[in-house]
Amino acid sequence: MSEHSEGKREHWGSGIGFILAAAGSAIGLGNIWKFPYITGENGGGAFVLLYLVCICVIGIPVMMCELSLGRHTQRNPIGAFRAITPKTSLLAHLIGLCIVLTGFGLLCFQNYGLGALLLLLGVAIFRYSWTVVGFAGVLTGFVILSYYSVVAGWVIGYFFKALRGGLDFKNTTEAVAEFTRSTGDVSWCIGFHVFFMFACAMVVWGGVKSGIERWSKILMPLLFLLLYVIILRSMTLPGAMKGVSFLLSPDFSKISSRGVLLALGHAFFTLSLGMGAMTTYGSYVSKKENLFISSLTIVGLDTLAALLAGLAIFPAVFAFNQAPDGGPGLIFHVLPVVMNQIPLGGFWVALFFVLMFIAALTSGISLLEVVVAALMDEMKMSRHLAVLLSGTVIALLGCLCAVSLDSWDRLPALHQLLQQTFGVGQSSFFDFMDNISSNWLLPLGGLMTSLFVGWIWGTRGAVNEIRHGADNFADVHLMSLLSGLREDPHHNNPQYHVLTLAAIWGIFIRFVSPVAITIAFLHLIGWMKI
Ligand code: PHE
């Protein structure tokens, strides 16, 4: 099946083009906007360490699952799961049953909205088995892009403000007031949000090679260059080293169980995992690419970008004695105030917002591409129609998000619906979307993907896929590899060839990642206290 469809499907023009596009998807607002503020709120270095552990233990193995699933099936996430799902899967039935029972339970406790939703989900799993995971991924892409593009819209808006010299605040109180005023201005938010969606749609319109790949090849090097320039500026400010030490010295007393969960959710979000973005990008990869090395490179670049963003922001924040725990507004509140105190401040702020815009754009296009690829494969739509349709619907959903950002007053009916279904309380639609996608949908998607690859497709099938383009890399004895004895004849004794990269990966996706994610969930719903 995969051979027959490979001929028709568009592929990346080169290996480096693929890596840059995938790194572009991973490196986004998550790295430059979210990572610094959650690090700031959760005690700095200790949180960074936790996040790095989550990246290694869960991020890298799940990244390889998604890429190999995509390349093997040559399909969008829905088609990919459908192509491999067996006629009957006991595990899927078991999961479906648990969900149906939970749904009934919730109905009994008069939580009708969520109960009905779970019943529907359970029945869908009985009917469509694992394909539901792919479908949920595409839906998650919808949800994320609709609020992601609102934040990206703020970035564009702030860039123009910086150019016009409108960000010369004396203190953070002024900056906070301006931020609250701007984000409460519905037409300002919607205008720039639609502008961002339009930019994403233009790139995806061009297709895989001449749209996504071409732009990623231009934008990603530019992003790292800008980041480098801003770090140079930030680190040479007097007192900058306090910021560096905040980022790099772990204080374990600051690690809370909430921090662990945030680090896990963020690992998925920042690597674009759990919703099929990497499955979709993987479906455009040729059999010649080494998926092991590609995964490590993508994860490495993403982690580097997050740490560099931290190095760009915290030294500046500490040099001017600002608090690092400014929340989602950290960059918008603190950066303009800090930069104002140095020569050419407006220029640096504008440059920073260009950097954020580039990061957001290359991620936004990957989110849109997931939906577009699904529409193209499943509904046999042309690319242009799919872009038009999905772009418009997501833009409209984003408008809801932009409208209800500061208060629910404008959409009381929607508030009531979400209140009854999910118990959202007073948090905004925006917080709701962010919470449900980063803390629930992505880790759940990741859990299901690793269970699927580890137990349904099977590690043998997946490793056979990974072996294409990787020679015997997957089967190299890890100790020989690390010690540099790989070519030594004594080390090529098959009797000892047990601890290979492939074996370690298999153990991670069958046991370690699913157990770790499940524990995090049990904690999230309050059934387990760590
Ligand atoms: N990884 C992106 C970021 O860090 C966000 C994203 C999530 C993109 C999921 C695609 C899929 O900003």
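Since the structure is predicted, the reported quantities are computational estimates derived from the model, not experimental observations.

(A) Here's a closer look at the packing of aromatic side chains. Under the defined criterion, the tally for this structure stands at 25 aromatic pairs. When the centroid spacing of 5.5 Å and the interplanar angle of 65 degrees are considered together, the rings of Trp33 and Tyr37 count as edge-to-face. One end of the pair, Trp33, and the other, Tyr37, are both in helix α3 (residues 29–41), 4 residues apart, so they sit about a helical turn from each other. Judged by relative accessible area, which is 3%, Trp33 ranks as buried. Ring geometry for Phe81 versus Phe452: centroids 4.7 Å apart, planes at 50 degrees, classification tilted. Highlighted residues: Phe81 in helix α5 (residues 77–84) and Phe452 in helix α20 (residues 429–467), separated in sequence by 371 residues. Taken together through their ring pairs, the aromatic side chains of Trp154, Tyr158, Phe159, Phe160, Phe179, Trp188, Phe192, Phe332 and Phe353 make up a single cluster.

(B) Examining the layout of surface pockets more closely. Reported here for the second largest pocket is a volume of approximately 430 Å³. Contributing to the lining of the second largest pocket are 22 residues, with Arg258, Leu262, Asp434, Asn435 and Asn439 lying nearest its centre. Looking at the lining of the second largest pocket, the elements that each hand over two or more residues are α3, α13 (257–270), α20 and α22 (501–524). If one sorts the elements of the lining of the second largest pocket by residue count, α20 sits on top with 7 residues.

(C) Focus on the site of the ligand. The environment of the ligand is made up of 14 residues, and the closest members are Ala26, Leu29, Gly30, Tyr148 and Phe269. In this structure, a nitrogen atom belonging to the ligand sits 2.8 Å away from a main-chain N or O atom of Phe269. In the environment of the ligand, a nitrogen atom lies 3.0 Å from a nitrogen or oxygen atom belonging to the side chain of Ser272. Burial of the ligand by the protein chains amounts to 100% of its free accessible area of 330 Å². With respect to the detected pockets, the ligand is housed in the largest cavity. Elements with a minimum of two residues in the shell around the ligand: α2 (15–26), α3, α13 and α17 (345–379). Tallied by class, the residues present in the shell around the ligand amount to 6 nonpolar, 8 polar and no charged.

(D) Examining α5 more closely. In terms of burial, α5 is largely enclosed, as 6 of its 8 residues are buried. For α5, every residue scored as buried is listed here: Pro77, Ile78, Gly79, Ala80, Phe81 and Ile84. Looking at the buried positions of α5, the neighbouring elements they touch are α4 (45–73), α8 (131–163), α14 (277–282), α17 and α20. The backbone nitrogen of Ile78 lies 2.9 Å from a side-chain oxygen of the residue at the head of α5, namely Asn76.

(E) A look at a nonpolar patch on the surface. A surface patch of nonpolar side chains, about 320 Å² in accessible area, is lined by Leu49, Phe252, Ile255 and Val260. Along the polypeptide, Ile255 turns up in the loop between α12 (241–248) and α13.

Basis of the calculations
- Residues numbered from 1 in each chain as written.
- Predicted model: local features only at pLDDT ≥ 70, side-chain atom pairs only at ≥ 80, totals over all residues.
- Heavy atoms only, no water.
- Phe/Tyr/Trp six-rings, centres within 6.5 Å; stacked < 30°, edge-to-face > 60°.
- Helix = DSSP H or I, 4+ residues; strand = E, 2+ residues; numbered from the N terminus.
- Buried < 20%, exposed > 50% of the residue type's maximum accessible area, 1.4 Å probe, protein only.
- 1 Å grid on protein atoms, 1.4 Å probe; cavity = no way out; pocket = protein on both sides within 12 Å on 5 of 7 lines; lining within 4 Å.
- Points joined across faces, edges and corners; volume = space filled by probe spheres on them.
- Near = heavy atom within 4 Å.
- Polar contact = N/O pair within 3.5 Å; in protein donor to acceptor, adjacent residues only side chain to side chain.
- Areas by Shrake-Rupley, 256 points an atom, 1.4 Å probe, with all protein chains shown as cover.
- Sits in = over half its atoms within 2 Å of the grid points.
- Nonpolar A, V, L, I, M, F, W, Y, C, P; charged D, E, K, R; others polar.
- Contact = heavy atoms within 4.5 Å.
- Patch = residues over 30% accessible without salt bridge, like charges linked within 9 Å, V, L, I, M, F, W, Y side chains within 5 Å.
- Salt bridge = Lys/Arg side-chain N within 4 Å of Asp/Glu carboxyl O.

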